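Take a look at the letters that make up each chain.
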Amino acid sequence: MSFQRQIYFWLGALALFIALVWLLQSMLFPFIGGLAIAYFLDPIADRLERLGLPRWAAASVILLCFILIFVLAILLLVPVLGSQFNGLRERLPTYVSSLQRILAELNQGWLGSLVGDRIQDIQKSLGDYVGQGAALLGSFLSSIWSGGQAVIGVVSALIVTPVVAFYILLDWDHMIARVDSWLPRDHAESIRGIFRDIDRAIAGFVRGQATVCVLLGLFYGSCLTFIGVSFGFLIGLCTGLASFIPYVGSILGFVVTVAVALVQVWPDWHLPVYVAIIFGLGQVLEGYVLSPRLVGGSVGLHPVWLMFSLLAAGSLFGFIGLLVAVPVAAAIGVLVRFALGRYLASPYYTGHIASPPPEHPR
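Only a predicted model underlies this, so the values are computations on that prediction, with no experimental measurement involved.

Draft legend 1. Quick peek at the overall build of the chain. Of the regular secondary structure elements, the chain holds 13 helices and 0 strands. Taking all contacts inside the chain whose residues are at least 6 apart in sequence as the whole, residues at least 24 apart take part in 71%. For the chain, the exposed surface amounts to about 22900 Å²; the carbon and sulfur share of it is 72%.

Set out below in structure tokens:
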């Protein structure tokens, strides 16, 4: 098969796959969720299997422990987070008006003389921005809920997802071997190298960064609750989970937390200072302890590319797109780097066409 036909074949396969995802996106949540859980837990299953435990037993033990931890987390966290979310939603207008009043007071002092009329502009637009953000958040949550309920329902997802995760975790090695047997023999080694790079990128970022986000969320939530910030556990946990997007989550969480703390104790400044110290410690913990140990080195996902992939996938495929955005972005990054490397080594870049090898004399 010529190179041109191979390109057409793989482009057609990619278009067919995208079309199927587009058509079936409303029912894919439990299957993608089960695949993600199995991928996340597969290294633990491999380790237990090396210790002598049968694969089915390892998959059963790991999945049962995961479900138990998940259920306990839901039972312990959902009541607290639900009450704090409702309280924050009810007090949000009061916080906005208080923050506008604080900005007006600052405008009369040293900060007003320093930045001029910019505080007034911020004060005027603050209410509009908060209102728009609350509306977008409400529509996003309602779309997730309605999209999940429209086809499969929450109960169905909770039943199907663990079953899918168990069978994928049980047959993971056989699935990999079967897919490997389908690879074109002439390019099998190159494709294996590409998939190894994709796996390294996804494992380093998704597995490692997800663990970092959970630990950071618990750290921020516990510390903010300890120092007395209103709704501190909710804000801290959301900040940690939003840290999945590098820099953006931490900065956004810091700004929101400082604003809440400032409104809570104004005109005192001790609580915002404590918040700044906690976020500084969180950045040190993430940059020098958690990320080096759990994520490792660079996985080739630039923050701008990551944000673009999340927004694009979310707008095209909804909640399912958000679930697959990071793995797809990692895979595309690996493919682009591979194609770029082949281009830089080709005559199209160097401008030199390799001469044919000399013929051996007969």
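Right, picking up where we left off after that structure.
Draft legend 2. Seen up close, the pattern of salt bridges. A complete count under the given rule lists 7 salt bridges for this structure. One salt bridge connects D46 with R55, and the closest N-O pair in it is separated by 2.7 Å. In this pair, the class of D46 matches that of R55, namely buried. The structure contains a network of salt bridges with shared partners spanning D42, D46, E49, R55 and D173.

Draft legend 3. Expanded view of the side chain of S230. Of note, S230 is situated in the loop between α8 (188–227) and α9 (232–242). Given a relative accessible area of 18%, S230 falls into the buried group. Every residue in contact with S230, bar those within four places of it in the chain, is listed here: Y95, I235, V260 and Q264.

Draft legend 4. Representation of the side chain of S243 in the model. Tracing the sequence through the fold places S243 in the loop between α9 and α10 (248–265). You can call S243 buried: its relative accessible area is 1%.

Draft legend 5. Quick peek at unusual backbone geometry. Located in the positive-phi region is F231, a residue other than glycine, with phi close to 55°. Summarising the element assignment, F231 is placed in the loop between α8 and α9.

Draft legend 6. Layout of the environment of V258. Within the secondary structure layout, V258 lies in helix α10. Considered as a pair, V258 and Y274 are 16 residues apart in the sequence and their alpha carbons are 9.4 Å apart. For V258, the contacting residues outside a window of four places in its chain are P272 and V275.

Draft legend 7. Summary view of the packing of aromatic side chains. Per the counting criterion, the structure on display carries 7 aromatic pairs. Judged by centre distance (4.6 Å) and plane angle (20°), the rings of Y220 and F279 are stacked. With Y220 in helix α8 and F279 in helix α11 (residues 270–295), the pair connects residues that are 59 residues apart, well separated along the chain. Exposure remark for Y220: the relative accessible area of 0% places this residue in the buried category. Aromatic side chains W266 and W269 sit 5.8 Å apart centroid to centroid with 70° between the ring planes, which places their arrangement in the edge-to-face category. Taken together, the ring pairs in this structure connect F219, Y220, F254 and F279 into an aromatic cluster.

Draft legend 8. Broad picture of a nonpolar patch on the surface. Side chains of I67, L68, F70, V71, L72, I74, L75, L76 and V78 sit close together on the surface and give an oily, nonpolar patch of about 810 Å² of accessible area. Note that V71 resides in helix α3 (residues 55–107).

Draft legend 9. Structural detail: the packing of α8 against α9. Running from amino to carboxyl end, α8 crosses α9 at an angle of 155°, the nearest separation of the two axes being 7 Å. On the basis of the axis angle, α8 is roughly antiparallel to α9. In this structure, α8 meets α9 at a crossing whose hand is right-handed. Taking contact as the criterion, the partners of C213, L216, G217, L218, Y220, G221, S222, L224 and T225 in α8 are, on α9, G232, F233, G236, L237, T239, G240 and L241. When its residues are assigned to classes, the contact of α8 with α9 shows 8 nonpolar, 8 polar and no charged.

What counts, and where the lines are drawn
- Residues numbered from 1 in each chain as written.
- Predicted model: local features only at pLDDT ≥ 70, side-chain atom pairs only at ≥ 80, totals over all residues.
- Heavy atoms only, no water.
- Helix = DSSP H or I, 4+ residues; strand = E, 2+ residues; numbered from the N terminus.
- Contact = heavy atoms within 4.5 Å.
- Areas by Shrake-Rupley, 256 points an atom, 1.4 Å probe, with all protein chains shown as cover.
- Salt bridge = Lys/Arg side-chain N within 4 Å of Asp/Glu carboxyl O.
- Buried < 20%, exposed > 50% of the residue type's maximum accessible area, 1.4 Å probe, protein only.
- Phe/Tyr/Trp six-rings, centres within 6.5 Å; stacked < 30°, edge-to-face > 60°.
- Patch = residues over 30% accessible without salt bridge, like charges linked within 9 Å, V, L, I, M, F, W, Y side chains within 5 Å.
- Axes fitted to C-alpha atoms, helices over the stretch in contact; angles between N-to-C directions.
- Parallel < 35°, antiparallel > 145°, perpendicular 65-115°, else oblique.
- Left-handed = near helix turned anticlockwise from the far one by under 90°.
- Nonpolar A, V, L, I, M, F, W, Y, C, P; charged D, E, K, R; others polar.

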